[in-house]
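Now for the letters of each chain:
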Amino acid sequence: MEVERALKSDADDLAYLIDIAGEGMPQYLWSQLAEPGQAALEIGASRAGREEGGFSYRNALVCRDRGSVLGMIVAYRLPNPYVVGELNEYPEIVRPLIQLEALAPGTLYINAVATYDAARGQGVARMLMLEAQEMGQLQGCTEASLIVASANKRARHLYLQLGYQDIDSRPIIEYPGCPYGGDWVLMKKDLAG
Ligand SMILES: CC(C)(COP(=O)(O)OP(=O)(O)OC[C@H]1O[C@@H](n2cnc3c(N)ncnc32)[C@H](O)[C@@H]1OP(=O)(O)O)[C@@H](O)C(=O)NCCC(=O)NCCS
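Residues numbered from 1 in each chain as written. Predicted model: local features only at pLDDT ≥ 70, side-chain atom pairs only at ≥ 80, totals over all residues. Heavy atoms only, no water.

J.: Hey, could you go over the packing of aromatic side chains for me, with residue numbers and the actual values?
T.: One pass over the structure, following the stated rule, counts five aromatic pairs. A ring pair is formed by Tyr28 and Tyr175, whose centres lie 6.4 Å apart and whose planes are at 25°; its orientation type is stacked. Here Tyr28, found in helix α2 (residues 25-33), pairs with Tyr175, found in the loop between β6 (165-171) and β7 (183-190); they are 147 residues apart in sequence, far enough to count as distant. (Phe/Tyr/Trp six-rings, centres within 6.5 Å; stacked < 30°, edge-to-face > 60°. Helix = DSSP H or I, 4+ residues; strand = E, 2+ residues; numbered from the N terminus.)

Rendered as structure tokens:
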């Protein structure tokens, strides 16, 4: 198993895993952009294959075993200052996430982390998180941040073990396919030292 920068050719894996990490919200949002007959994941893959934007493969690391992707992480530095602008211009379900992101300007933001079902429990996500944090430090980030659903026990456990702490939360606004009620929780970790 090794962690390396994602390639453009990983876009299908990235879209699938970004959707899992985003609790189905990405697929719902992509479905709004799809042409009739076009699959939402196709939109996701084309976004992951772009050179720009948060979901770009350029912001992703993958864990590979003999060529196959086992898991991925998407992480990048949030702008500082983080200017929200007109919140009403974002889809309603995204607004709580934007409000929480705005509380973490300049941090290394772990936007998505996910491991394929068959590869879980083998340390893949932990390796990806540690590697992303190291890259963040090299880019001069002194803190890392992420947002997780309060009911996502497995992910919460991983983040707490890695030293992330709860900072703030907003109620989840439910969307089709949303697996949880509860809150979105912003967690942060000091990367210095
Ligand atoms: C959360 C997730 C990324 C963990 O990935 P993973 O590669 O299995 O994680 P790791 O093997 O690195 O394990 C790290 C920790 O996760 C937890 N974990 C992993 N597999 C688990 C399992 N089967 N049951 C319970 N906890 C588990 C444990 O805390 C584990 O640490 P420990 O065994 O040392 O106590 C994975 O379950 C996943 O992809 N879930 C769906 C997407 C998701 O929820 N992403 C996060 C959204 S914010």
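J.: An account of the environment of Pro176 is requested, with residue identities and associated values reported.
T.: Here Pro176 lies in the loop between β6 and β7. Relative accessible area serves as the criterion here: at 53%, Pro176 is assigned to the exposed category. The sequence separation of Pro176 and Met25 amounts to 151 residues, and the corresponding C-alpha distance is 8.2 Å. (Buried < 20%, exposed > 50% of the residue type's maximum accessible area, 1.4 Å probe, protein only.)

J.: Residues and numbers for the packing of helix α1 (residues 11-21) against helix α3 (residues 40-48), please.
T.: Relative orientation of the contacting elements α1 and α3 amounts to 115°, with a least axis distance of 8 Å. For α1 against α3, the interelement crossing comes out right-handed. Mapping the contact onto sequence places Ala11, Asp12, Leu14, Ala15, Tyr16 and Asp19 in α1 and Leu41, Gly44, Ala45 and Ala48 in α3. Residues that form the contact of α1 with α3 fall into these classes: seven nonpolar, one polar and two charged. (Axes fitted to C-alpha atoms, helices over the stretch in contact; angles between N-to-C directions. Left-handed = near helix turned anticlockwise from the far one by under 90°. Contact = heavy atoms within 4.5 Å. Nonpolar A, V, L, I, M, F, W, Y, C, P; charged D, E, K, R; others polar.)

J.: Residues and numbers for the UniProt feature "domain: N-acetyltransferase" (unreviewed entry) in the chain, please.
T.: Residues given the UniProt feature "domain: N-acetyltransferase" (unreviewed entry) here are residues 1-192. For residues 1-192, helix accounts for 31% and strand for 26%, while the C-alpha atoms at its two ends are 27 Å apart. (UniProt positions renumbered as here; feature names shortened; annotations may be inferred.)

J.: Can you tell me about the site of the ligand, naming the residues and giving the values?
T.: With respect to spatial proximity, 21 residues lie near the ligand, and among them Thr115, Gly121, Gly123, Asn152 and His157 are the closest. Between an oxygen atom of the ligand and a side-chain N or O atom of Thr115, the distance comes to 2.8 Å. At a separation of 2.7 Å, an oxygen atom of the ligand approaches a polar side-chain atom of Asn152. Protein chains bury 75% of the 900 Å² of accessible surface belonging to the ligand in isolation. Looking at the shell around the ligand, the elements with two or more residues in it are α1, β4 (108-115), α5 (124-138), β5 (143-149) and α6 (153-161). Counting residues per element, the shell around the ligand draws most heavily on α6, which supplies six residues. (Near = heavy atom within 4 Å. Polar contact = N/O pair within 3.5 Å; in protein donor to acceptor, adjacent residues only side chain to side chain. Areas by Shrake-Rupley, 256 points an atom, 1.4 Å probe, with all protein chains shown as cover.)

J.: Describe in detail the sheet that holds β6, supporting the description with residues and values.
T.: Taking strand neighbours across the sheet as the criterion, the seven strands line up as β1-β2-β3-β4-β5-β7-β6 in an open arrangement whose pairing is mixed. Two strands in the sheet have a free side with no partner beyond their single neighbour: β1 (2-5) and β6. Adjacent strand axes in the sheet meet at a mean angle of 25° when their direction is disregarded. Both β6 and β7 contribute to a ladder of six bridges, which runs antiparallel. Bridge pairing in β7 links Arg170 to Trp184. (Pairing = 2+ DSSP bridges.)

J.: Go over the pairing of strand β3 (residues 68-77), please, and point to the residues and values.
T.: With respect to burial, β3 is a largely interior element, eight of its 10 residues being buried. Of the pairings in the sheet, the one linking strand β2 (residues 60-65) to β3 comprises six bridges and is antiparallel in character. From the neighbouring strand, Ala60 faces β3, where its bridge partner is Val74. Two elements, β3 and β4, share seven bridges in a ladder whose sense is antiparallel. If you follow Tyr76 over to β4, its bridge partner there is Tyr109.

J.: Explain the pattern of salt bridges to me, and be specific about the residues and the numbers.
T.: Applying the stated criterion to the full structure yields eight salt bridges. Arg120 is paired through a salt bridge with Asp117; the nearest N and O atoms lie 3.2 Å apart. For Asp117, a relative accessible area of 61% gives the class exposed. (Salt bridge = Lys/Arg side-chain N within 4 Å of Asp/Glu carboxyl O.)

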